[in-house]
Amino acid sequence: MKTTILIMGFLLLLVFQSYTQYSHKIEPLYKFMQANADTTIVIEQVSNWISVAPNVYLLSKKGDTLNCFTYRDLAYSRSNSVLIPTHIRQSMYKVHKHKILTEPVDVNEFFSVCAIKQETLQDLWKQIHRLRPWTLSDDKVDGEGCGVNGRKSPVIYDGGGLNLYLITGNEIKQLYFYAPAFYQKYCKWRRGREAVLKIEGLFREYVQ
């Protein structure tokens, strides 16, 4: 009986993993950016777990103006560094967690502009473009994990992933990388996988 339950759980995990990898919809926020900016680069963290809130970084350019945005629960994140009575913290968590998990990723209270100087954003923009994001290939092209390489490859089933969206007025190009940090360590080097990790690292470095 226990064996059957474990097998069923494993199969459900595989199904859910497959769903998260290949069923990413284009969120309303990305279509909004397409209509209101010339170019937008988006890093979106993807989790295999249903209860994980969105965590998105956006860098957009409109004419000569650069802006950085995030989509995440900043109010609850900031409360973690402050001493708050337990019941108040739990209430904040319940309200914010429910909202960010149920509302579409769009222009709402979770969408925030980053207070970063234009000179700094220009540097971020240049560093990302040096990685030539529009020329990268993802798991849909190169294959998930280590691919077929004639040897037993390490596998991870709950690693999450990264979406890279490249948005212009003409298209929204989506690149998906499953568990890139894990597979970059154990598998043959891939330029797309290395570049998306660097792009995520740049956003983390510049955005607090």
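What counts and what doesn't
Residues numbered from 1 in each chain as written. Predicted model: local features only at pLDDT ≥ 70, side-chain atom pairs only at ≥ 80, totals over all residues. Heavy atoms only, no water. Helix = DSSP H or I, 4+ residues; strand = E, 2+ residues; numbered from the N terminus. Buried < 20%, exposed > 50% of the residue type's maximum accessible area, 1.4 Å probe, protein only. Contact = heavy atoms within 4.5 Å. Areas by Shrake-Rupley, 256 points an atom, 1.4 Å probe, with all protein chains shown as cover. Arc of directions from axis to C-beta. Expected span 1.5 Å × (residues − 1). Pairing = 2+ DSSP bridges. Phe/Tyr/Trp six-rings, centres within 6.5 Å; stacked < 30°, edge-to-face > 60°. Core = buried A, V, L, I, M, F, W, Y, C linked by side-chain atoms within 4.5 Å. Salt bridge = Lys/Arg side-chain N within 4 Å of Asp/Glu carboxyl O.

Caption draft 1: Just the overall build of the chain, in detail. The secondary structure content of the chain amounts to eight helices and six strands. Reading the helices (α) and strands (β) of the chain from amino to carboxyl end gives α-α-β-β-β-α-α-β-α-α-β-β-α-α. Counting every position in the chain, which comprises 208 residues, the buried fraction comes to 41%. Taking the intrachain contacts of the chain between residues at least 6 apart in sequence as the baseline, contacts between residues at least 24 apart amount to 69%. Accessible area for the chain stands at about 12100 Å²; split by element, carbon and sulfur atoms hold 58% of it.

Caption draft 2: Local environment of helix α2 (residues 28-36). For α2, the complete set of buried residues consists of Leu29, Tyr30 and Met33. The buried side chains of α2 occupy one side of the element, clustering within an arc of 100 degrees when seen end-on. Looking at the packing, one finds that the buried side of α2 touches β1 (39-46), β2 (56-62), β3 (65-71), β4 (111-113), β5 (161-168) and β6 (172-178).

Caption draft 3: Representation of helix α8 (residues 191-206). The first and last C-alpha atoms of α8 sit 22 Å apart over 16 residues, in line with the 22 Å expected at 1.5 Å per residue. Of all the positions in α8, only Gly192, Arg193, Ala195, Val196, Ile199, Glu200, Leu202, Phe203 and Tyr206 are classed as buried.

Caption draft 4: Here's a closer look at the pairing of β2. Judged by how many residues are buried, β2 sits mostly within the fold: five of seven residues are covered. Bridge count between β1 and β2: six bridges; the pairing is antiparallel. Paired with Thr39 across the bridge in β2 is Lys61. In the sheet, β2 pairs with β3 via seven bridges, with the strands oriented antiparallel. For Lys61, the partnering residue across the bridge sits in β3 and is Leu66. Connecting β2 to the next strand, β3, in antiparallel fashion are two residues, including Gly63 with a positive phi near 65 degrees.

Caption draft 5: A look at the packing of aromatic side chains. For the structure on display, the rule yields seven aromatic pairs. Each ring, one from Tyr71 and one from Phe110, has its centre 5.9 Å from the other, and the planes form 65 degrees; the classification is edge-to-face. Remark: Phe110 occurs in the loop between α4 (86-102) and β4 and Tyr71 occurs in strand β3; sequence separation between them is 39 residues. Phe110 carries the same exposure label as Tyr71, and that label is buried. Among the aromatic side chains, those forming a connected cluster through ring pairs are Tyr178, Phe182, Tyr183 and Tyr186.

Caption draft 6: Just the nonpolar core, in detail. The biggest cluster of nonpolar side chains holds 26 residues, and the ones touching the most others in it are Ile43, Leu59, Cys68, Ile128, Leu164 and Phe203. For this core, the elements supplying multiple residues, two or more each, are β1, β2, β3, α5 (118-130), β5, β6 and α8. The contact partners of Ile128, leaving out residues within four places of it in the chain, are Ile41, Leu59, Pro133, Ile199, Leu202 and Phe203. Leu29, Tyr30, Met33 and Tyr165 belong to the second largest nonpolar core, which has 15 residues in total.

Caption draft 7: Looking closely at the pattern of salt bridges. Inspection of the entire model under this criterion finds five salt bridges. Between Lys99 and Glu109 there is a salt bridge, with its nearest N and O atoms 3.3 Å apart. One end of the pair, Lys99, is in helix α4; the other, Glu109, is in the loop between α4 and β4, with 10 residues separating them in the sequence. The partly exposed category is assigned to Glu109, whose relative accessible area is 45%. Put simply, Lys140 and Asp138 hold a salt bridge, and the shortest N to O gap is 2.6 Å. A single salt-bridge network, built from bridges that share partners, covers Asp139, Arg190 and Arg193.

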